[in-house]
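Structural description and commentary
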Amino acid sequence: MNFFTLFGLPETYHIDTVKLANVYQSLAKVTHPDRFSNAGGQEKLMAVQKNAQVNDGYQILKNPLSRAEHMLELRGISLQHETQTMQDSAFLMQQMEWREQLSEIETAGDPEQVLEALDEDVAIHTKQHFKALQELLEQQTDDANNLAAAEVRKLKFLNKLHKEIELKEDALFDD
C-alpha cells in the first residue's frame, strides 16, 4: 500500500506534516469502525481494516525514518526482516567505539558528562545521516536507493543507541 497516495501527498521525503495530520483526522473519522456499528459483518471488517491502514500510514509517514523506509519499499527495497550486514567498515568501527564507551560508563570518572558527550556525538551523526538520506532519496536512482538503504540501517542503529543511552542515564541517575 502506498501511504503517500492514501494521504494525497507527493512521494517525497519532506512532507507537509500539517496536511498529513489534517488528512489523517478526516480519514480516521470516515473509516472509524463506530460509524459502521449497524453495518453487516463484512462491512464492519472492511472498516476495521481501512481504519488500521489509515492509522499505520499516519504512523509511518509522520516518522522521518519510517517514511524513508516506506519510500524505499515503494522503490523495491524492503528493509524489514532483513539479515544484510553493514558494509561500511568505518561506521562499524564507530559502532564498536560507541558500544565500548557505553559499556564503560559505570567506571568513568564523570559518567554523566561521558553520557552527555556520547549522546551529543550520536545526535551529530544522526543529523548527518538524515541529511545524506534526504539527498539520496531525492535522486531516485537504483544506486542512490541502495545507498539510502544503507543510511536507513545506520540511522536505525543510531536510534537504538540513543535509546540505550537514555536507559543508561535513567539507571545511573535514578539511584
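Residues numbered from 1 in each chain as written. Predicted model: local features only at pLDDT ≥ 70, side-chain atom pairs only at ≥ 80, totals over all residues. Heavy atoms only, no water.

**As for the overall build of the protein**
- The helix and strand tally for the protein stands at seven helices and zero strands.
- Tracing the protein from N to C terminus, the helices and strands come up as α-α-α-α-α-α-α.
- For 175 residues, the compact-globule formula gives about 16 Å, and the C-alpha radius of gyration of the protein, at 20 Å, lies well above that figure.
- With the principal axes as the frame, the protein shows a C-alpha extent of 65 × 45 × 30 Å.
- Relative to its 175 residues, the protein shows a buried fraction of 33%.
- Long-range pairs, those at least 24 residues apart, make up 67% of the contacts in the protein with a sequence separation of at least 6.
- Of the roughly 10,800 Å² that the protein leaves accessible, carbon and sulfur atoms contribute 51%. (Helix = DSSP H or I, 4+ residues; strand = E, 2+ residues; numbered from the N terminus. Rg over C-alpha atoms; globule rule 2.2 N^0.38 Å. Buried < 20%, exposed > 50% of the residue type's maximum accessible area, 1.4 Å probe, protein only. Contact = heavy atoms within 4.5 Å. Areas by Shrake-Rupley, 256 points an atom, 1.4 Å probe, with all protein chains shown as cover.)

**Things to note about unusual backbone geometry**
- With a phi angle near 55 degrees, Gln140 is a residue other than glycine that sits in the positive phi range.
- Inspection of the secondary structure puts Gln140 in the loop between helix H6 (111-139) and helix H7 (142-173).

**Description of the pattern of salt bridges**
- Considering all chains together, one arrives at six salt bridges under this definition.
- For the salt bridge of Lys154 with Asp88, the shortest nitrogen-to-oxygen distance reads 2.6 Å. Of the two residues, Lys154 sits in helix H7 while Asp88 sits in the loop between helix H4 (64-74) and helix H5 (89-103), which places them 66 residues apart along the sequence.
- Lys131 serves as the salt-bridge partner of Glu135, at 2.7 Å between the closest nitrogen and oxygen. Placement of the pair is Glu135 and Lys131 together in helix H6, with a separation of four residues, close to one helical turn.
- What makes Glu135 partly exposed here is its relative accessible area of 39%.
- One network of salt bridges, with partners in common, ties together Asp88, Glu151 and Lys154. (Salt bridge = Lys/Arg side-chain N within 4 Å of Asp/Glu carboxyl O.)

**Considerations on the environment of Ile60**
- Locating Ile60 in the fold gives a position in helix H3 (residues 41-62).
- A sequence separation of 30 residues divides Ile60 from Val30, and the C-alpha atoms of the two residues are 20 Å apart.
- Not counting residues up to four positions away in its chain, the partners in contact with Ile60 are Phe3, Ser66, Arg67 and His70.

**Some points on the packing of H4 against H6**
- It is at 11 Å that the axes of H4 and H6 come closest, and there the two elements cross at 30 degrees. As far as their axial angle goes, H6 and H4 are roughly parallel. Judged by the twist between their axes, the crossing of H4 over H6 is left-handed. From H4, Pro64, Leu65, Ala68, Met71 and Leu72 reach across to H6, where they touch Phe130, Leu133 and Leu137.
- In terms of residue class, the contact of H4 with H6 is built from eight nonpolar, no polar and no charged. (Axes fitted to C-alpha atoms, helices over the stretch in contact; angles between N-to-C directions. Parallel < 35°, antiparallel > 145°, perpendicular 65-115°, else oblique. Left-handed = near helix turned anticlockwise from the far one by under 90°. Nonpolar A, V, L, I, M, F, W, Y, C, P; charged D, E, K, R; others polar.)

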